[in-house]
Amino acid sequence: MKINIEESENNLILKAVKTNLKNGEFIRRILLDYNLLNKDYKLKKLDNNLYLPLNYEEIEEIGEEDLKNTLKNVIIKSQNQNQNQMDDMDFEIITTNESDFEKSNNKKNPSFKDYLLNNYSDELTNGRIAHAYDIIGDIVILQISDEIDKEERLKLGEKAKELIPSVRAVFRRESDVKGEYRVRDLEHLAGEENTLTLYKENGYKLYVDVAKVYFSPRLSWERNRIMQKVEKDDVIVDMFCGVGPYSIACKDAKKIYSIDVNPEAIKLLKENIKLNNLENKIFSILEDVRKVDLKGNRIIMNLPKYANQFVDKALDLVEEGGTIHYYMVGADVNEGINLFKSKCECEVLESRVVKSYSPREYVFVIDFKINNPNKNKK
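Residues numbered from 1 in each chain as written. Predicted model: local features only at pLDDT ≥ 70, side-chain atom pairs only at ≥ 80, totals over all residues. Heavy atoms only, no water.

All right, on to the overall build of the protein then. A count of helices and strands for the protein gives eleven helices and 18 strands. Counting over 378 residues, the protein shows a buried share of 51%. Restricting the contact set of the protein to residue pairs at least 6 apart, pairs at least 24 apart contribute 64%. Accessible surface, the protein as shown: approximately 18,400 Å² in total, 41% of it carbon and sulfur. (Helix = DSSP H or I, 4+ residues; strand = E, 2+ residues; numbered from the N terminus. Buried < 20%, exposed > 50% of the residue type's maximum accessible area, 1.4 Å probe, protein only. Contact = heavy atoms within 4.5 Å. Areas by Shrake-Rupley, 256 points an atom, 1.4 Å probe, with all protein chains shown as cover.)

Right, here's the structure in full:
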């Protein structure tokens, strides 16, 4: 993924949110929830305004317009729930220079991104080391090719632990997601070997074991998009729930059925239900979703690589007039639209790119309104 950062006469260009001081703390908390606040730099106050530096990769994946719209939606929802929480929605996203911000470590050391740029430019260019890395709670997962020898990988792990704030352990993504349980192999590089962590996003908390379950912090923004669409009378069916990030994001619904075939995921889901005080709302089901018989008006199909194999089951689960959030991997979103239209009477409410998947493919989400799920049944 191309990093949203440019070099200009030895200076780096950053993106930042500019807002007035009165609203600064509220905006800061939102950015923290979405992993959007760049902790490599201190916040800057100037002329009754606060400037909050943004994470490069997150902005590139989300896009500025999506960021602006979602910030506005979160602010409106908060104002409805808490009167006078924010005076107005006066904020903007600006382009500024790195030199305008003081490093959070007082410039004694570079950030980890600085370290990579200064020491591994060739490896970054040819893709043997990725700019992007995942922070899940206090665990960091790096993307380093097998072509980099183990001694060098261990060195990078130690540097990541040293330079990335609040890190307890560093691992390397050793394989793609694989198997029925959708997990990946990890190589321990630095710090503790314990793979269980506590992750926070969108105002809720999740226990995640990065070695035993699939979890992507890069979907935080997408989970919030779904959260904003949930209504109080909704009955949710989360077909591939994992540890429950989508299920818990839907906490304002009437009822949530959370289904997964991975026993480790369901074990953690049960802990996360307790952690977020949702025992009377979320019902966990350890089972192959194809064997489950129930109904809901909002279906979540977050299994992008294989969701096309479960479309018939999703149509069995959805109520007439209900919504299916379908995630897919492909080069063209029309692949998913044509698949659904061949199986049911439906209309597209929204479609968008969630993130890049490979140089020529993307993860898309398509929100379908299902007018007649039984079109092809006699």
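Still more ground to cover, so stick around.
Among the residues of helix α11 (residues 334-341), G336, I337 and F340 are the ones counted as buried. Seen end-on, α11 carries its buried residues on one side only, within an arc spanning 100 degrees. Residues of α11 that are buried sit in contact with β15 (296-301), α10 (311-317), β16 (318-330), β17 (345-358) and β18 (361-372). (Arc of directions from axis to C-beta.)

We now examine the sheet that holds strand β6 (residues 134-136). In spatial order, the strands read β6-β7-β8-β9; together these four strands make up an open sheet with mixed pairing. Looking at which strands have only one partner, the edges of the open sheet turn out to be β6 and β9 (186-191). Strand after strand, the sheet turns through a mean of 25 degrees between neighbouring axes, direction not considered. When strand β8 (residues 169-173) meets β9, the two strands line up antiparallel, connected through five bridges. Bridge pairing in β9 places R172 opposite E187. Against the sheet, helix α6 (residues 150-163) touches β7 (139-142), β8 and β9, its axis set at about 55 degrees to β9. (Pairing = 2+ DSSP bridges. Axes fitted to C-alpha atoms, helices over the stretch in contact; angles between N-to-C directions.)

For the rest of this paragraph, the subject is the packing of aromatic side chains. Aromatic ring pairs: the centre-centre distance and the angle between the two ring planes describe each pair. As enumerated under the stated definition, the model contains twelve aromatic pairs in all. Their ring planes at 15 degrees and their centres at 4.1 Å tell us that F340 and F368 sit as a pair that is stacked. Within this pair, whereas F340 is found in helix α11, its partner F368 is found in strand β18, the two being separated by 28 residues in sequence. For the pair F340 and F368, one class covers both residues: buried. By way of ring pairs, the aromatic residues F112, Y115, Y120 and Y133 are connected into one cluster. (Phe/Tyr/Trp six-rings, centres within 6.5 Å; stacked < 30°, edge-to-face > 60°.)

Another point: the state of the cysteines. Tallied over the entire structure, the rule returns zero disulfides. C346 takes part in no disulfide bond, and the closest cysteine sulfur, belonging to C344, lies 3.9 Å away. (Disulfide = S-S within 2.5 Å.)

A separate point is the sheet that holds β16. Through backbone hydrogen bonds, the strands of a sheet pair up, either in parallel or in antiparallel fashion. Spatially, seven strands are ordered β14-β13-β12-β15-β16-β18-β17 in an open sheet, and the strand pairing comes out mixed. Because the sheet does not close on itself, it has two edges, and the strands there are β14 (282-286) and β17. Across the sheet, the mean angle separating the axes of adjacent strands is 15 degrees when strand polarity is ignored. Here strand β13 (residues 255-260) pairs with β14 via five bridges, running parallel. Within the sheet, the bridge partner assigned to S258 lies in β14 and is S284. Sheet contacts for helix α7 (residues 220-229): β15, β16, β17 and β18; angle to β16, the most-contacted strand, approximately 170 degrees. Sheet contacts for α11: β15, β16, β17 and β18; angle to β16, the most-contacted strand, approximately 145 degrees.

What follows covers the pairing of β8. Counting buried residues in β8 gives four out of five residues, a clear majority hidden from the surface. Note that β7 and β8 share four bridges and pair parallel. Counted as the bridge partner of I141 is F171 from β8. On the question of chirality, the crossover connecting β7 to the parallel β8 by way of α6 is right-handed. (Right-handed = clockwise from strand over helix to strand, strands pointing away.)

With that settled, the discussion passes to the side chain of N20. Relative to the assigned elements, N20 resides in strand β2 (residues 11-20). The exposure class of N20 is buried, given its relative accessible area of 14%. Engagement of the side chain of N20 in a polar contact is seen with the backbone nitrogen of K22, the distance being 3.2 Å. Here the side chain of N20 touches N23 through a polar contact of 3.0 Å, landing on its backbone nitrogen. (Polar contact = N/O pair within 3.5 Å; in protein donor to acceptor, adjacent residues only side chain to side chain.)

So, about the packing of helix α4 (residues 112-119) against α6. Close contact between α4 and α6 brings their axes to 9 Å; oriented N to C, the two are set at 145 degrees. Across from F112, Y115 and L116 in α4, the residues of α6 making contact are K155, L156, K159, A160 and L163. Grouping the constituent residues of the contact of α4 with α6 by class yields six nonpolar, no polar and two charged. (Nonpolar A, V, L, I, M, F, W, Y, C, P; charged D, E, K, R; others polar.)

Turning our attention to the confidence of the model for the protein. On average, residues of the protein carry a pLDDT of 87, and 89% of them reach 70 or more. Confidence drops under a pLDDT of 50 for residues 1-10, and excluding neighbours within four residues, the segment shows 25 contacts in the predicted structure. (pLDDT = per-residue confidence, 0-100.)

A word on the environment of P263. Examined against the element boundaries, P263 turns out to sit in helix α9 (residues 263-275). Along the primary structure P263 and K212 are separated by 51 residues, whereas in three dimensions their C-alpha atoms are 9.5 Å apart. Not counting residues up to four positions away in its chain, the partners in contact with P263 are Y181 and L286.

What follows is about the pattern of salt bridges. A complete count under the given rule lists 24 salt bridges for this structure. The partner of E187 in a salt bridge is R153, with the nearest N and O atoms 2.9 Å apart. A residue pair is termed long-range when its members are at least 10 positions apart, and E187 in strand β9 and R153 in helix α6 qualify at 34 residues. We classify E187 as buried; its relative accessible area is 9%. Ionic contacts of the salt-bridge type, sharing partners, join the residues E222, R225, K229, E350, R352 and D367 into one network. (Salt bridge = Lys/Arg side-chain N within 4 Å of Asp/Glu carboxyl O.)

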